[in-house]
Amino acid sequence: MLLTNIHQLLQVRPATTRRIAGADMAKLPLINDAYLLIEDGLISDFGPMAYAPTDYTGDIIDCDGQLVLPTWCDSHTHIVYAGDRSHEWVARLEGKTYAEIAAAGGGILNSAKRLNETPEEDLYQQSKTRLETVMALGTGAIEIKSGYGLTVEGELKMLRVIRRLREEYPIPIKATFLGAHAIPANYKTDKAGYLRMLTDELMPKIAEEGLADFVDVFCEDGYFSVEDTELVMVAGIKHGLVPKIHVNQFTTLGGVAAAVQHGALSVDHLEELSEADVEALKGSETMPVALPGCSFFLGIPYTPARRLMDAGLPVALATDYNPGSAPSGNMNFALSLACTQMKMLPEEAINAATLNGAYAMGLEKELGSITVGKRANLLITKRLPSFGALPYNFGMPTVSQVVINGAFL
Ligand code: NIG
Ligand code: FE
């Protein structure tokens, strides 16, 4: 397939760029009036229209006035869940807090109850609908977490659903084991016992079946302490799982430094952020991930992305798509929130949602930029004056077509 007359070809990078940090995030390399050639599902060539092949015999797509960029890389989601929690949201509108709802058996435990009652086939059907929806919105790689099982069978069921999605769909899907998402009722007074179940019983099974790439912990007051988080990270690493941690959503406990010390690929949420956290991230390989949809939906602070970038650090953007704190997997909306609420520039938001998102899933070698040899997972936008119009048109359908492995979705 040959794309011609592309108004702006965005995020053009050499293969050596693994992620974008600090002041570089404000730069978005592009080619005006460009062509892009796809062969065998990969980007094989691109450049200014003046150099476009003239003897091409395959499909030619005229992208006059349209922008072309890599698909969104959503590095943090919980799209495998059963039912929803819209009634809890209404309770919040009536004045209850997220913490109060959770304390009364709602929240994550409510989703866990529902998930354990749901047959695997039904869970797969519900989850695949969500995956198809976000792919149509422009997501071309996704990470999905377990964590609504909180039992051996429930967690394995979730991870098997993720594996089946990976087998059935053409986009890269990474699986994260989030058994340490909440303490289930039957372990309420025995957190150590629950952690043992996760590390000694579940992890060996997960490793044996190759069901997960990453290990996650909800490091938070009332959930898991820094010490618990370290214990789970160490056990995960022993089983070949790289840490990727929920931290600083409501409180700063020191989990960021612990995650960095254990080589976490990413630290996610960071709505709260201390100077010590920023210092811990400097010079590390750990990607800070902001989830603006969660801040929007819960009415909590937004991740201070500007502070992170001013400290020379990278930032990635993800949706956190889940039934409790962010029931939306729309990356376009996440970008709009990042710009309007976090004051990120469109260049910064696009870098955060493409290459940095790919990095936060360990996929930066195959996705996230316009680079020869990377997968042709591309967005072709509607006719837009420039890339700033993507986040500017919040909530509007700015994507015209999604290309996955060189084929239209
Ligand atoms: O990332 N913070 C922990 N986990 C999810 C929310 C889980 C839920 O409410 O179901 C999050 O926001
Ligand atoms: Fe999350």
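Our structure's up above, just so we're on the same page.
Residue positions are given per chain, counted from 1 along the sequence in the order it is written. Written order decides the labels, with chains lettered from A and ligands numbered from 1. Local features are withheld for residues below a pLDDT of 70 in this predicted model, meaning they are given only at 70 or higher, and side-chain atom pairs are given and counted only at 80 or more; totals for whole chains, interfaces and linings count all residues. The side-chain values count all of the structure's non-hydrogen atoms but skip hydrogen atoms and water molecules.

(A) Region of interest: the coordination of the iron ion (ligand 2). Around the iron ion (ligand 2), the protein contributes the donor atoms His76 (NE2), His78 (NE2), His246 (NE2) and Asp320 (OD), which lie 2.1 to 2.2 Å from the metal centre. Nitrogen, oxygen and sulfur within 2.8 Å of a metal are treated as its donors, or within 3.2 Å for sodium, potassium and calcium (Na, K, Ca); water is not counted, so a site can appear incomplete. Mapping the donors of the iron ion (ligand 2) onto the primary sequence gives the spacing H-x1-H-x167-H-x73-D. Within this pair, whereas His78 is found in the loop between strand S6 (72-74) and helix H1 (86-93), its partner Asp320 is found in the loop between strand S13 (316-317) and helix H12 (331-342), the two being separated by 242 residues in sequence. Just as His78 is buried, Asp320 falls in that class too. For the purposes of this entry, the term helix denotes a DSSP run of H or I that reaches at least four residues, the term strand denotes a run of E that reaches at least two, and both are numbered from the N terminus. When a residue's accessible area, from a 1.4 Å probe over protein chains only, is under 20% of the maximum for its type it is buried; when over 50% it is exposed; and in between it is partly exposed.

(B) Molecular detail of the pairing of strand S7 (residues 139-145). Burial analysis of S7 places seven of its seven residues in the buried class, which makes it a mostly covered element. Of the strand pairs in this sheet, S6 and S7 are connected by three bridges, and their pairing is parallel. Its bridge partner lying in S7, Asp74 is registered against Ile142. Pairing analysis gives four bridges linking S7 to strand S8 (residues 173-180), with the strands arranged parallel. The partner of Ile142 across the bridge, within S8, is Ile173. Paired strands are those between which DSSP finds at least two bridges.

(C) Representation of the nonpolar core within the structure. Note on terminology: a nonpolar core comprises buried Ala, Val, Leu, Ile, Met, Phe, Trp, Tyr and Cys residues joined through side-chain atoms within 4.5 Å. Counting 96 residues, the largest nonpolar core has Leu131, Leu165, Phe177, Leu317 and Met344 as the members making the most contacts within it. Membership of the second largest hydrophobic core comes to 18 residues, among which are Leu3, Ile6, Leu9 and Ala376.

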